[in-house]
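Understanding the architecture of this molecule
Letter by letter, the chains look like this.
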Amino acid sequence: MSYEEKRRRLVMTLSEEGYIRSQRVAQVIMKVPRELFVPEEYREMAYEDRPLPIGYDQTISAPSIVAYMTELLNPLPGEKVLEVGTGSGYQAIILAELVSPGGMVWSIERIPQIAEAARKRVEMLGYGDRVKVVVGDGSLGYPEEAPYDKIMVTASAPEVPPPLIEQLRTGGKMVIPVGHPYMQNLYVVRKGERGEIHMWRDIAVVFVPLKGKYGWRE
Ligand code: SAM
């Protein structure tokens, strides 16, 4: 079966299961070739709904969680988004598709070799003008480009890092896994028009740890 056919089946399953809820998210998952974001030995598994290793003890998240978090965040054309935890670059490109035209994704990764591989993929797939990958401790956010309309964190934190709340625009939204190292919940954080913070707990998830100043110790 071709990768395209496998991708089509995955989109159908994720829609039936309720992870994909909108046409926009269905279209971008159908468009972005996940097989190019995993090491060659895992390509045949790229359309199974599971996380896969990408080296350095890190993973590309399962397609269902990518779809679910993307629906929760609801990135819109023209928006500026910060992603913490670039990993393979797959989620960053999904976000870039959804903020087009006119939007921009800044994605921060702490492991330089992972960031470099993601940057190459981003360039190779033609997203270099819409996705900027930077190396650093994303628990501090990326103040150089703040404020952001939306922030997505794809590693799990012990608490919501205060710099990320600061760097969220008023009216902005963040999705972040928070909890224990092996067991977390997604949290949705909203900054109201007067700067007030609303936060609620969503589904249970398991993510690799966010390391760094406002994450877990190195
Ligand atoms: N979004 C990624 C994708 O589409 O492939 C998957 C992210 S992976 C589950 C989590 C990533 O967060 C890892 O690459 C890890 O190195 C990174 N990470 C952990 N702590 C970080 C930090 N403080 N700042 C930036 N990246 C961090």
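Residues numbered from 1 in each chain as written. Predicted model: local features only at pLDDT ≥ 70, side-chain atom pairs only at ≥ 80, totals over all residues. Heavy atoms only, no water.

With respect to spatial proximity, 26 residues lie near the ligand, and among them Glu83, Ser88, Glu109, Gly138 and Lys211 are the closest. In the environment of the ligand, a nitrogen atom lies 3.0 Å from a nitrogen or oxygen atom belonging to the backbone of Gly85. The separation between a nitrogen atom of the ligand and a polar side-chain atom of Thr154 is 3.1 Å. Out of a free accessible area of 600 Å², the ligand has 99% covered by protein chains. Judged by the proximity of its atoms to the pocket grid, the ligand belongs to the largest cavity. Elements that contribute at least two residues to the shell around the ligand include exactly strand S2 (58-60), helix H4 (90-99) and strand S4 (104-109). It is S2 that contributes the most residues to the shell around the ligand, three residues altogether. Across the shell around the ligand, the residue classes tally to eight nonpolar, 13 polar and five charged. (Near = heavy atom within 4 Å. Polar contact = N/O pair within 3.5 Å; in protein donor to acceptor, adjacent residues only side chain to side chain. Areas by Shrake-Rupley, 256 points an atom, 1.4 Å probe, with all protein chains shown as cover. 1 Å grid on protein atoms, 1.4 Å probe; cavity = no way out; pocket = protein on both sides within 12 Å on 5 of 7 lines; lining within 4 Å. Sits in = over half its atoms within 2 Å of the grid points. Helix = DSSP H or I, 4+ residues; strand = E, 2+ residues; numbered from the N terminus. Nonpolar A, V, L, I, M, F, W, Y, C, P; charged D, E, K, R; others polar.)

The calculated volume of the largest pocket comes to roughly 160 Å³. Partitioned by chemical class, the residues of the lining of the largest pocket number seven nonpolar, two polar and no charged. (Points joined across faces, edges and corners; volume = space filled by probe spheres on them.)

Bringing the pairing of strand S9 (residues 197-205) into the picture now. For strand S8 (residues 183-191) and S9, the ladder comprises seven bridges, and the chain directions are antiparallel. Following the sheet pairing, Val189 is matched in S9 by Met199. Counting the residues in the hairpin turn of S8 and S9 gives five residues, including Gly195, whose phi is positive at 85°. (Pairing = 2+ DSSP bridges.)

The next point concerns the packing of helix H2 (residues 23-31) against H4. At a minimum axis distance of 10 Å, the contact between H2 and H4 shows a crossing angle of 130°. In terms of axis orientation, H2 runs oblique to H4. Our pair here, H2 against H4, has a crossing hand that is right-handed. Contacts between H2 and H4 pair Arg24, Val25, Val28, Ile29 and Lys31 from the former with Tyr90, Ile94, Glu97 and Leu98 from the latter. (Axes fitted to C-alpha atoms, helices over the stretch in contact; angles between N-to-C directions. Parallel < 35°, antiparallel > 145°, perpendicular 65-115°, else oblique. Left-handed = near helix turned anticlockwise from the far one by under 90°. Contact = heavy atoms within 4.5 Å.)

The subject of this paragraph is the packing of aromatic side chains. What the rule picks out here adds up to four aromatic pairs. Geometrically, the ring pair formed by Tyr19 and Tyr68 is edge-to-face, given 6.5 Å between the ring centres and 75° between the ring planes. One end of the pair, Tyr19, is in the loop between helix H1 (3-16) and H2; the other, Tyr68, is in helix H3 (residues 63-73), and 49 residues separate them in sequence. Here Tyr68 falls in the buried class, since its relative accessible area comes to 13%. Taken together, a centroid distance of 5.3 Å and an interplanar angle of 75° make the contact between Phe37 and Tyr90 edge-to-face. Taken together, the residues Phe37 in the loop between H2 and strand S1 (52-55) and Tyr90 in helix H4 connect sequence positions 53 residues apart. Owing to a relative accessible area of 0%, Phe37 belongs among the buried residues under this scheme. Exposure remark for Tyr90: the relative accessible area of 3% places this residue in the buried category. (Phe/Tyr/Trp six-rings, centres within 6.5 Å; stacked < 30°, edge-to-face > 60°. Buried < 20%, exposed > 50% of the residue type's maximum accessible area, 1.4 Å probe, protein only.)

Moving on, we get to the sheet that holds strand S5 (residues 131-135). Strand-to-strand pairing in sheets goes through backbone hydrogen bonds, with the strands running parallel or antiparallel. Reading across from one edge, S5-S4-S3-S6-S7-S8-S9 is the order of the seven strands in this open sheet, with mixed pairing throughout. Each edge of the open sheet carries a strand with a single partner, namely S5 and S9. Within the sheet, the average angular offset between the axes of one strand and its neighbour, ignoring direction, is 15°. Examined bridge by bridge, strand S3 (residues 80-84) and strand S6 (residues 148-153) share four bridges and lie parallel to one another. What sits directly across from Val81, in S6, is Lys150.

Attention shifts here to H4. In terms of burial, H4 is a largely internal element, 10 of the 10 residues being buried. Restricting attention to buried positions, one finds in H4 the residues Tyr90, Gln91, Ala92, Ile93, Ile94, Leu95, Ala96, Glu97, Leu98 and Val99.

This is a description of form; function is not addressed.
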